[in-house]
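Descriptive structure summary
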Amino acid sequence: MSERKILTDYVYKMVASLVQAGVENVVVSPGSRSTPLAYAVASTKQVKMYRQVDERSAAFFALGLAKATTKPVVLLCTSGTAAANYFPAIVEASYARVPLIIITADRPHELREVGAPQAINQPNLYGSHVKWSVDFPLADGAEPTLPFIERHLARAVAIATSAPFGPVHINVPFREPLLIDLQQELPAVTFKHSSMGQLTPTRGDQQVLSSIIQSTKRGFMIIGELALGTELSIVWEFVRQLKWPVIVESLSNMRTSVPEDCLPYIVTTYDAIMKSDDFKALVQPDTVIRIGAQPVSKFIMQFITKSRPNAYVIIDEDPMFRDATGVSTHFIHANVDQWLTELAITETAIEETYLVEWQKANQLASMFIEQYAEVEKDEGAIVSRLLKMIPDGSDIFVSSSMPVRDIDTFLLATPKDLRVFANRGTNGIDGVVSTAIGFSQGNNRESYLLIGDLAFLHDVNGLIASRYQECNLTIIVMNNDGGGIFSYLPQSTVEEHYEDLFGTPTALEFRDIAHMYDMDYVRVETISELSEKFSTCKNHSLRLVEIFTDRTENVNAHRGLWNRINAELKV
């Protein structure tokens, strides 16, 4: 058998195995060493191939695509530092629990550690930030080779899509020559299916949770960002049964499309009301139950840490459960599934006055927030108005730092159908543009990106993806000329060097970037222009709305809102 035939069989067996395991999307960063596999992917009609020449952006693009589809996405690159450029997105995927299959092409073994060009130490390159890593054999024609790669690819996808989701790494060495014979059909595979089980707590653990709930007089639940694919109807049914105050993180997507009978229990203004010592004294809990990730708001987590409830129960699909407070008392290793609504809860003992205190505070803060949005002109008021202007049935991808916090403050409970997503695994501002573009590719709803100027600049290179596939995305940039989040932190009290190190103004505007990528561009300088100008981007599938704001005005307005709410909550 010729070397070309051996290589052809090898790469098409790889693609066939990935397709058999459920892979539908592949993001390719073109490069020489990955040529055989890239050609095999490009010629396979069962997968959709996306291209992004910048590996760092490509990895975040794949991250967004996997978030939108809730399915594993393959990343493919050449050898050397190309693979290293995937690292930031892999770290995010690890902590955000997103299934990525990273395939890095490599030099053959005889060219490793001998000074060959574009050769770095790639096996186990990503260390503990991937769930599993394997170094594949060369395409050698030996009888065990193809069964080995077939089953290891099935294993890779199974590991990436088992709870908790996460990235896996496959390093594949290729010898030259790198050309293959293109084929129209994939070869048959002998491995048929991996069956993933559900994590359900034991009957005893369910009884413990039921007992805690039924004995609780003062308790609340936290719903953080949920695992990809979580069935929200199950969580809503649990809310109905529990009848506790429910602190709903904006990224849980349970502040929107809220069932009418659940509205009385939903608390969205916790970040504001948790700044009041008087209110916190009124609502000290006996019990806290949390499902999903920890919220954006640090104030609610500080409240739990200081309160030290008798029972703080965390339900998580990862045995390495997330608890930065250090005061959790119970951990239930389980998926959010039907078992949650089948607990033996005959009647909850929650004090009616306790629920009422939360409801009154939430209604009061909501009223102030709505009034604020009508009269103020800062970023918070702009975000509030944007949330009303963005059409029903849309999705919003949000950058870290101030945008996600403004969403957390100004997105109140609503029957409107909006969904909110972000990269909060590690809370970075890198790769946000690319993630949003990838998300929009896997999404069948209108997509928007809300981002600050520094985060936009950090990943403006991600817009290159729009030159290789059509992208449908409206990008809203809040341009306050620097790092607005730092104005709220203690660093801002030290005037010397603050602007150089934290304010970091660039004095840049983005009209020319919009022109370079053939985007519609709208410039908004005052909040009064927002409503009229926001809807004028209609000519292109990529749109850029640049809104100019002032950092100092933002801080003063936000603090004024919190002070007014705090004053009203005083006993």
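Scroll up a little and you will see the structure.
Now for a description of the structure that goes with this document.

Rules and cut-offs
- Residues numbered from 1 in each chain as written.
- Predicted model: local features only at pLDDT ≥ 70, side-chain atom pairs only at ≥ 80, totals over all residues.
- Heavy atoms only, no water.
- Helix = DSSP H or I, 4+ residues; strand = E, 2+ residues; numbered from the N terminus.
- Rg over C-alpha atoms; globule rule 2.2 N^0.38 Å.
- Buried < 20%, exposed > 50% of the residue type's maximum accessible area, 1.4 Å probe, protein only.
- Contact = heavy atoms within 4.5 Å.
- Areas by Shrake-Rupley, 256 points an atom, 1.4 Å probe, with all protein chains shown as cover.
- Lys, Arg positive; Asp, Glu negative; His and termini not counted.
- Charge placed at Lys NZ, Arg CZ, Asp CG, Glu CD.
- Pairing = 2+ DSSP bridges.
- Right-handed = clockwise from strand over helix to strand, strands pointing away.
- Expected span 1.5 Å × (residues − 1).
- Arc of directions from axis to C-beta.
- Polar contact = N/O pair within 3.5 Å; in protein donor to acceptor, adjacent residues only side chain to side chain.
- Core = buried A, V, L, I, M, F, W, Y, C linked by side-chain atoms within 4.5 Å.
- Axes fitted to C-alpha atoms, helices over the stretch in contact; angles between N-to-C directions.
- Salt bridge = Lys/Arg side-chain N within 4 Å of Asp/Glu carboxyl O.

Some words on the overall build of the chain
Within the chain one finds 20 helices and 18 strands. Here the chain has a C-alpha radius of gyration of 25 Å; the compact-globule value for 571 residues is 25 Å, and the two agree. Counting only C-alpha atoms, the chain reaches 85 × 60 × 45 Å along its principal axes. Out of the 571 residues belonging to the chain, those deemed buried represent 57%. By sequence separation, contacts in the chain at least 24 residues apart represent 77% of the contacts at least 6 residues apart. A total accessible area of about 23,300 Å² is found for the chain, and carbon and sulfur atoms account for 51% of it. Between the centroid of the 50 positive side chains of the chain and the centroid of its 68 negative side chains there is a distance of 3 Å.

Quick notes on the pairing of strand S13 (residues 394-398)
Burial analysis of S13 places five of its five residues in the buried class, which makes it a mostly covered element. Neither face of S13 is exposed, since Ser394, Ile396 and Val398 on one face and Asp395 and Phe397 on the opposite face are all buried. Sheet topology note: the S13/strand S14 (residues 418-422) ladder contains five bridges and is parallel. Residue pairing for S14: Ile396 is matched across the bridge by Val420. Regarding topology, helix H14 (residues 402-410) serves as the crossover connection from S13 to the parallel S14, and that connection is right-handed.

What to know about helix H7 (residues 203-215)
For H7, built from 13 residues, the straight-helix expectation of 18 Å at 1.5 Å per residue is met to within 8% by its first-to-last C-alpha distance of 18 Å. Within H7 the residues assigned to the buried category are Gln206, Leu209, Ser210, Ile212 and Ile213. Across the axial projection of H7, the buried residues extend over an arc of 160°, all falling on one side. Across from the buried face of H7, at angles greater than 90 degrees, the exposed residues are Gln207 and Ser215. Where the residues of H7 are buried, they touch helix H8 (232-242), strand S10 (287-291), strand S11 (311-316) and strand S12 (330-333).

What about the environment of Thr81?
Of note, Thr81 is situated in helix H4 (residues 81-84). Look at Thr81 and you get exposed, because its relative accessible area is 54%. Each C-alpha atom, one on Thr81 and one on Gln371, is 52 Å from the other, the two residues being 290 residues apart in sequence.

Thoughts on the side chain of His558
Tracing the backbone shows His558 in helix H20 (residues 551-568). A relative accessible area of 2% places His558 in the buried class. For His558, the side chain forms a polar contact with the side chain of Asp406, separated by 2.7 Å.

Observations concerning the nonpolar core
Ranked by internal contacts, the top residues of the largest apolar core, which has 93 residues, are Phe220 and Trp358. Element by element, the count of residues in this core is highest for helix H12 (residues 352-375), at nine residues. Beyond its immediate sequence surroundings of up to four residues, Trp358 is in contact with Phe220, Pro245, Ile247, Val267, Ile273, Met274, Phe279 and Val283. Judged by nonpolar contacts, the second largest core, of 55 residues, contains Val73, Ala436, Ile451 and Met519.

Thoughts on the environment of Tyr468
The topology assignment puts Tyr468 in the loop between helix H16 (453-458) and strand S16 (473-479). Looking at Tyr468, the relative accessible area reads 30%, which means it is partly exposed. Residues within four places of Tyr468 in sequence aside, it is in contact with Arg51 and Val53.

Side note on the sheet that holds strand S18 (residues 542-548)
Pairing within the open sheet is parallel, and its six strands lie in the order S14-S13-S15-S16-S18-S17. Each of the sheet's edge strands pairs with one partner strand only, and the pair in question is S14 and strand S17 (520-524). Shown here is a sheet whose adjacent strand axes are inclined to one another by a mean of 20°, direction ignored. Examined bridge by bridge, S13 and strand S15 (residues 446-452) share five bridges and lie parallel to one another. Bridging across to S15, Ile396 finds its partner in Tyr448. The strands that H14 touches are S13, S14 and S15; relative to S15, the one it contacts most, it runs at about 115°. Most of the contacts of helix H19 (residues 527-534) go to S17, to which it runs at about 160°, and overall it touches S15, S16, S17 and S18.

Here's the deal with the pairing of S15
Most of S15 sits out of view: six of its seven residues are buried. As defined by bridge partners, S15 adjoins S16 across five bridges and the pair is classed as parallel. Within the sheet, the bridge partner assigned to Gly452 lies in S16 and is Met478.

Some details on unusual backbone geometry
Cis geometry is adopted by the peptide bond preceding Pro164, which originates at Ala163 and carries an omega value of -10°. Following the sequence through the fold, Pro164 ends up in the loop between helix H6 (145-160) and strand S6 (168-173). Note the cis peptide between Glu176 and Pro177, where omega equals 0°. Locating Pro177 in the fold gives a position in the loop between S6 and H7. The backbone phi angle of Arg97 is positive, close to 65°, even though this residue is not glycine. Mapping Arg97 onto the fold places it in the loop between helix H5 (87-96) and strand S4 (100-106). Owing to a relative accessible area of 8%, Arg97 belongs among the buried residues under this scheme.

Some words on the sheet that holds strand S8 (residues 246-248)
Pairing is parallel in the open sheet, where six strands are placed in the order S9-S8-S7-S10-S11-S12. If you trace the sheet from one side to the other, it starts and ends with strand S9 (266-267) and S12, each paired once. Sheet topology note: the S11/S12 ladder contains four bridges and is parallel. Looking across to S12, one finds that Val313 is bridged to His330. Its contacts with the sheet place H8 against strand S7 (219-223), S8, S9 and S10, and it is angled at close to 170° to S7. Across the face of the sheet, helix H11 (residues 298-307) comes into contact with S7, S8, S10 and S11 while running at roughly 140° to S7.

Observations regarding the pattern of salt bridges
Within this structure, the stated rule accounts for 29 salt bridges. Between Asp135 and Arg112 there is a salt bridge, with the nearest N and O atoms lying 3.0 Å from each other. Placement of Asp135 in strand S5 (residues 132-135) and of Arg112 in the loop between S4 and S5 is noted, with a sequence separation of 23 residues between them. Exposure remark for Arg112: the relative accessible area of 16% places this residue in the buried category. Because the salt bridges share partners, they merge into one network encompassing Arg97, Asp316, Glu317, Asp318 and Arg322.

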